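Listed here are the chains, written in short residue letters.
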Amino acid sequence: MVSQRVFSALLAATVAERAVELAVSRRHVRALLRRGGREFGQGHYPAMVAVHAALLVGSLAETWLKRRRRNEVRSAVCLGLVVAAQALRWSCIAALGPCWSTRVVVVPGTALVRSGPYAWLRHPNYLAVAVEGLALPMTYGAWWTAVGFTAANAALMAVRIPCEEAALRWATT
């Protein structure tokens, strides 16, 4: 089902999607700052960017360097999880609207969003990231990348989520 070329195209599409996300984020950050927003967590942001870039580069490198036997069932399940993670990510972006960004920027007095996936989960985008970070490399059997990203992402989330919570408390009190 998923050949090396199809997997490479999937990674290229993911890179293109990330470029769109970053463009949207930059536009939103500028607007939030103009409205009096404050940025939190600038110190961990470069590490987050590096970990996400490593997911994409590592997935490609591992699959090209270590020719693994494909498991069609695993590939299909993981591809489905990648698509579901993207759908969840973009539903988060839609729910947050102009308040969404890859950075932690909040405007004082802004109400918490409780619609879309935020009606059920406090940080649904991080669920999307965790699922994608495991499923994307596993679509073609990049075990080391999946494990490495998952561990690095867990360490980042131990910093990022408390940072967001502090920012939300600051903005809503």
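Owing to the predicted nature of the structure, the values given are computational and were not obtained by experimental measurement. Along every chain, residues carry numbers that run from 1 in the direction the sequence is written. Only residues with pLDDT of 70 or above have their local features reported here, since the model is predicted, and side-chain atom pairs are shown and tallied only from 80 upward, although totals for entire chains, interfaces and linings are computed over all residues. Processing note: side-chain calculations cover all non-hydrogen atoms of the structure and skip hydrogens and water entirely.

1. Concerning the confidence of the model for the protein
Then comes step 1: Residue-level confidence of the predictor, termed pLDDT, takes values from 0 up to 100. On average, residues of the protein carry a pLDDT of 94, and 98% of them reach 70 or more.
Then comes step 2: By mean pLDDT, helix 1 (residues 4–34) is the weakest element of the protein at 94, and strand 2 (residues 104–106) is the strongest at 98. Helical segments are the DSSP runs of H or I of at least four residues, strand segments are the runs of E of at least two, and each set is numbered from the N terminus.

2. Looking at the pattern of salt bridges
Then comes step 1: Just to be clear on terms, a salt bridge is a Lys or Arg side-chain nitrogen sitting within 4 Å of an Asp or Glu carboxyl oxygen. The final tally for this structure, using the stated rule, is seven salt bridges.
Then comes step 2: Taking the shortest distance from any N to any O, the salt bridge between E39 and R103 comes out at 2.9 Å. Remark: R103 occurs in the loop between helix 3 (72–96) and strand 2 and E39 occurs in strand 1 (residues 38–40); sequence separation between them is 64 residues.
Then comes step 3: For R103, a relative accessible area of 30% puts it in the partly exposed group.
Then comes step 4: The residue R89 makes a salt bridge to E132 at a minimum N-O spacing of 3.1 Å. You can see R89 sitting in helix 3 and its partner E132 sitting in helix 4 (residues 124–138), a full 43 residues away along the chain. Grouping residues by exposure puts R89 and E132 together as buried. Residue exposure (1.4 Å probe, protein chains only): buried if accessible area is under 20% of the type maximum, exposed if over 50%, otherwise partly exposed.

3. Comments concerning the nonpolar core
Then comes step 1: Counting 20 residues, the largest nonpolar core has F7, L11, L136, F149 and L156 as its most contacted members.
Then comes step 2: Going through the elements one at a time, helix 1, helix 2 (45–65), helix 3, helix 4 and helix 5 (143–172) are the ones with two or more residues in this core.
Then comes step 3: For this analysis, a nonpolar core means a set of buried residues of the types Ala, Val, Leu, Ile, Met, Phe, Trp, Tyr and Cys, connected via side-chain atoms within 4.5 Å. Among the nonpolar cores identified, the runner-up in size contains six residues, and F40, V106, A167 and A171 belong to it.

4. Considerations on the side chain of Q86
Then comes step 1: The residue Q86 is located in helix 3 in this model.
Then comes step 2: Judged by relative accessible area, which is 16%, Q86 ranks as buried.
Then comes step 3: Setting aside residues no more than four positions away along its own chain, Q86 makes contact with E17, R18 and E132. Residue contacts follow a heavy-atom distance rule, with two residues in contact if any of their heavy atoms lie within 4.5 Å.

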